[in-house]
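# Fold and geometry: a report
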Amino acid sequence: MSQTSVLTGVTPPQTAAQVEARGARPKPFFTPRKIIIYSILVMFSLYYLFPLYVMFTTSLKSMPEIRFGNIFALPQAPNFDAWVRAWTSACTGLTCQGLAPGFWNSVKITIPSTIVSIFIAAVNGYALINWRFKGSEIFFAVLIFGSFIPYQVFLYPMVMITRELGIFGTLQAVIIVHTVFGMPILTLLFRNYFASLPQELFKAARVDGAGFWRIFFEIMLPMSLPIFVVALILQITGIWNDFLFGVVFAGTQNYPMTVQLNNIVNSAQGTPEYNVNMAATVLTGLVPLAVYFISGKWFVRGVAAGAVKG
Amino acid sequence: MQNSVSIRDLSLNFGSVKVLEHLDLEIAQGEFIVLLGPSGCGKSTLLNCIAGLLDISDGQIFIGGRNVTWLEPKARGIGMVFQSYALYPQMTVERNLSFGLRVAGMKKDEIERRVQRAAEILQIGPLLQRKPANLSGGQRQRVAIGRALVRDVDVFLFDEPLSNLDAKLRSDLRVEIKRLHQRLKNTMIYVTHDQIEALTLADRIAVMKNGVIQQLADPHTIYNRPVNLYVAGFIGSPQMNMFQGTLSGSTFTTDDGIAIPVGTYAFDTPATGAIKAVLGVRPEHIVLGDEAANMPFQIDAEIEIVEPMGSDTLAWTKIGGQAVTFRCDSDVVIETGQKVRLGFDTARGSIFNAETTNRL
C-alpha cells in the first residue's frame, strides 16, 4: 500500500484515527480531567480572593456609600481618604495618631527578634548536628518538646521573669520572648537542614584546620541560603502577626501594629468607620504579604531543600 | 626505620557496641596500605580514628613518631580524601585547595606556590577558577586529592575515593593514584571495599571483618595464601571453589566421597589424624583437557554454563555434588553439556580447618 503511494506520488487520504503513532504524544488541553482540575482551582482562588476584594473596595469608598449596603459593588468615587486616616489619625484607644506609631513599633520588634532568633537557632542546629556533645540528643528532645506546649502556659512565668529582670513592658522584653519562643521550631529547621548537608564536608573542613565558627561562617552559612529564607519568612510573618506577646510584654508605648489595629477596629466610640477599618487591616497585612510575594520562589526551594549538591 | 603510622591497642565503642577492639597496625614510611572489607567492618571508622575525626575509647595512635592520640585533625600531619569529594561548593577550585592553608595563616606567595604545584601534579590548572558544580566526578576527586596535596603532609588518608565514579574513570584514577604514590612516596592509607583496587594499589592489604584485622600481608600472599576461610572467600572473583570434606594424611576426601591427593600441599600446621577440613581451589588453577593430564588430581565433568568474559571464559560445572567454576583461555571452545577432563594441583590451593576456619 505504502509502496504504491511512493511510486505514484499520491498519498492515500487518512483520517486522524488512522494516523500511525509517531513522535511526541499529542497533549490536548481540553480533557475532562484538566477542566475539572482548573475549575476547582479557580473556585478556590475566588473563595479566598473575595474577602480581599471586599476589603480593598470598601476601603476606597466613603461612609455614605458603605451605608448604602452593597458591599460587592465597585466604589463610585474611589479615594484614599480612609487609608490616610488609618495611617495618621485613627484613634487607637486614647491617642489618635493612626497606625503609623504601631507600624514602627512592629518594625522595632520584628527586626531584632528575627535576626537574633535566627542566628541563635542556626548556631544551635549546627552544633547539634556537627559538634555532638554529651546529652545533645536529650537537649534537642527537650527543645522540641517545648514547641508542643501551648504559649498560654508560659505566659505568666514569662511575665514574672521579665518583671524580675526589670524589663517588663519594654521592647527588650517582647524581643526576648519572641526569640525564646521561636527557638524550638527554628532549631529543628536548621538542625534538619544541616543534617541534610554531607557530613564529609564538615570532616574535610576539620582536617583543613577550621574551627567551630570558621566552619559555621565559611562553609555552612554560604550553603544555607534557602533555609535562611524559610526561617526569615517564618519569623517575620509570625512576629509581625503576633498579638498576644505584644499586648502582654511590650507595654502601651510599644504596642505593635496588630494591637493598635485591634484598638482601631474595636473602638466603641461613635459609628464604626468601616472604610478606615478595612484600610487599617490591609495596611497591617501588607508586610507579610510583601514577604511572601518577594520570597515565594526561595520559600519553595528552601522547603524542598536537601537538593544541595557538592 | 621509624614507622610512619603506628596504631597500638586501639579500641572504639559506641555505647555498648564495640566497633574496633584491641587493634594494632604498624605502617612503614612510604607504604601504601589498603584497609579492605565489606561495609560495616570498621575500616572507615579506623580511618576516621587515625584522622582524629572520631575520639577513640582506648589505645594510642602515633604518626611520624609523635603521639597524636589527643591531637586535633589539623595537628596530625594528615590529608584526607573523601568518597563524596567533600569540596566546598561555594568556593572555586583554587580557594578549595587553599582553604586549609588560609586557615593556617600561611603567606600568600607560599599558598600560591603550593596550589600551582598541586595543580600541575594533578593537571587541574585550567580548572582553578571553576566552582565544583561545574566539574566532572573525576575532576572533583582530583581537586579533593589536591586539597590533601597542598598541605604537604606525611600521611594521606583515602576514604573510598573512587566509589562514586563510573567504572572507566575508576580504573583511570586508580592508576593515577598509584603514579602519585610513586612520585610523592608518602605514606598512604586507603579504605575500600573493592578488592581490585586493593590488589592493584597496595603494598600491603589489611583485610578486616567486624573490627578485627583478619590478615595483613602483601597482595600476592593475601590472594594465594589466605589465612582463613573468610579472607579466602572475600578475595577473588569469582569466588574460590570450596570443597567440604575430611583430611586424613595426604588425602582429602570430599563429603561426596571423591579422594583428592594433597601430598604436594605445603602445610603451615600439619594436621594429625582425620579432621574436618575445607579445600579451596581458585577458578584459574583448575585446568582443562591435555593440561589436566599432568595434574595430581583429575576428574571428568559436564559443563553447565559458559560465561565468556572477553579476556577469558568462565565455566560452571559440578565435581561430585559441588558446584565448581573454572577459568580458561577465551580461545578454548567449550559448550554447555560438553564432557571435559578437569584437573588441579592442591599445591596452589588452600586447606582450612573446618572448625577453626584457619589455614592448615
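Given the structure is predicted, the values throughout are model-derived calculations rather than measurements.

### Quick look at the overall build of chain B
The number of helices and strands found in chain B is eight helices and 21 strands. For chain B, the spread of C-alpha atoms along the three principal axes comes to 75 × 45 × 35 Å. Here chain B holds 360 residues, and 41% of them are scored as buried. Nonlocal contacts in chain B, meaning residues at least 24 apart in sequence, comprise 67% of its contacts between residues at least 6 apart.

### A look at the domain arrangement of chain A
All names here are of chain A. Under the domain assignment used here, chain A contains domain 1 (32–79) and domain 2 (100–303). Its C-alpha centre places domain 1 at a distance of 33 Å from the equivalent point of domain 2. Of the residues lining the interface, seven residues belong to domain 1; the matching set on domain 2 comes to seven residues. For the side of domain 1 that touches domain 2, the elements supplying multiple residues, two or more each, are α2 (32–59) and α3 (63–67). Take the side of domain 1 that touches domain 2: its biggest share by element is four residues, from α2.

### What to know about the confidence of the model for chain A
Residues and elements named next belong to chain A. Mean pLDDT for chain A: 86, with 89% of residues reaching 70 or above. Note on residues 1–6: pLDDT under 50 across the span, and three contacts to partners over four residues away in sequence or across chains. Across residues 306–310, confidence stays below pLDDT 50; counting only partners more than four residues off in sequence or on other chains, it has 11 contacts.

### Concerning the sheet that holds strand β17 (residues 305–308) of chain B
Residue and element names in this part refer to chain B. One open sheet holds the three strands; their spatial order is β17-β18-β19, and the pairing between them is antiparallel. Every other strand in the sheet has two partners, leaving β17 and β19 (322–329) as the edge strands with one partner each. When the angles between neighbouring strand axes are averaged without regard to direction, this sheet yields 20 degrees.

### Structural notes on the packing of helix α3 (residues 108–122) of chain B against helix α4 (residues 137–149) of chain B
All names here are of chain B. Direction vectors running N to C along α3 and α4 enclose 140 degrees, while the axes themselves pass 9 Å from each other. What the angle tells us is that α3 and α4 run oblique. Taken as a pair, α3 and α4 cross one another with a handedness that is right-handed. Residues A118, A119, I121 and L122 of α3 form the contact with α4, whose own contacting residues are R142, I145, G146 and L149. Partitioned by chemical class, the residues of the contact of α3 with α4 number six nonpolar, one polar and one charged.

### So, the sheet that holds strand β16 (residues 297–302) of chain B
Residue and element names in this part refer to chain B. Pairing is antiparallel across the open sheet formed by three strands, whose spatial order is β15-β20-β16. What marks the edges here is a single partner per strand, and that holds for β15 (287–288) and β16. Sheet topology places β15 next to strand β20 (residues 339–344); two bridges connect them, and they run antiparallel. By the bridge assignment, V287 is partnered in β20 with G343.

### What to know about the domain arrangement of chain B
Residue and element names in this part refer to chain B. According to the domain assignment, chain B consists of domain 1 (3–233) and domain 2 (240–353). Using only C-alpha atoms to locate each centre, domain 1 and domain 2 end up separated by 39 Å. Domain 1 puts six residues into the contact, and the matching count from domain 2 is five residues. For the side of domain 1 that touches domain 2, the class distribution of residues is three nonpolar, two polar and one charged.

### Description of the environment of F245(A)
Counting through the fold element by element, F245(A) comes out in helix α12 (residues 244–249). Separated by 32 residues in the primary sequence, F245(A) and W213(A) have C-alpha atoms spaced 33 Å apart.

### Observations concerning unusual backbone geometry
Residues and elements named next belong to chain B. Cis geometry marks the peptide bond from S237 to P238; its omega dihedral reads 0 degrees. One can find P238 in the loop between α8 (229–234) and β11 (241–248). Despite not being glycine, K185 shows a phi value in the positive range, around 55 degrees. By the element assignment, K185 lies in the loop between α5 (167–184) and β8 (187–192). For K185, a count of 12 C-beta atoms within 10 Å translates into the label exposed.

### What about the interface of chain A and chain B?
Contacts between chain A and chain B engage 15 residues on the former and 20 residues on the latter. The dominant element in the side of chain A that touches chain B, judged by the number of residues it contributes, is helix α9 (residues 199–207) of chain A, at six residues. For the side of chain A that touches chain B, a count of residues per class yields eight nonpolar, two polar and five charged.

### Considering the pairing of strand β9 (residues 204–209) of chain B
Residues and elements named next belong to chain B. As paired elements, strand β3 (residues 32–36) and β9 share four bridges and run parallel to each other. Its bridge partner being in β9, L36 is matched across the sheet by V207. The pairing of β9 with strand β10 (residues 212–217) spans five bridges and is classified as antiparallel. From the neighbouring strand, V207 faces β10, where its bridge partner is Q215. In sequence, β9 turns back onto β10 through a hairpin of two residues, with N210 there showing a positive phi of about 50 degrees.

Definitions and cut-offs
The residue numbers shown here count from 1 along each chain, following its written sequence. The lettering of chains begins at A and the numbering of ligands begins at 1, in the order of writing. Whole-chain, interface and lining totals are the exception, using all residues; otherwise, since this is a predicted model, local features are given only for residues with pLDDT of at least 70 and side-chain atom pairs are given and counted only at 80 or more. Elements are defined by DSSP. Helices are runs of H or I of four residues or more, strands are runs of E of two residues or more, and each kind is numbered from the N terminus. Working definition of burial: number of other C-beta atoms within 10 Å of the residue's own, with buried at 20 or more, exposed at 12 or fewer, and partly exposed in between, all C-beta atoms being placed from the backbone. Working definition of a contact: two residues with C-beta atoms, positioned from the backbone, lying within 7 Å. Here the bounds of each domain stem from an automatic or database domain assignment. The predictor attaches a confidence to each residue, and that confidence, scored 0 to 100, is pLDDT. Strand pairing requires that DSSP identify at least two bridges connecting the strands. Axis definition: a line fitted to C-alpha atoms, limited for helices to the stretch in contact. Angles are taken between N-to-C directions and run from 0 to 180 degrees. In these notes the angle categories are as follows: under 35 degrees is roughly parallel, over 145 is roughly antiparallel, 65 to 115 is roughly perpendicular, and the rest is oblique. Handedness of a helix crossing follows the sense of rotation of the near helix relative to the far helix, less than a right angle counterclockwise being left-handed and clockwise being right-handed. Under the convention adopted here, Pro, Cys and the residues Ala, Val, Leu, Ile, Met, Phe, Trp and Tyr are nonpolar, Asp, Glu, Lys and Arg are charged, and Gly plus all remaining residues are polar.

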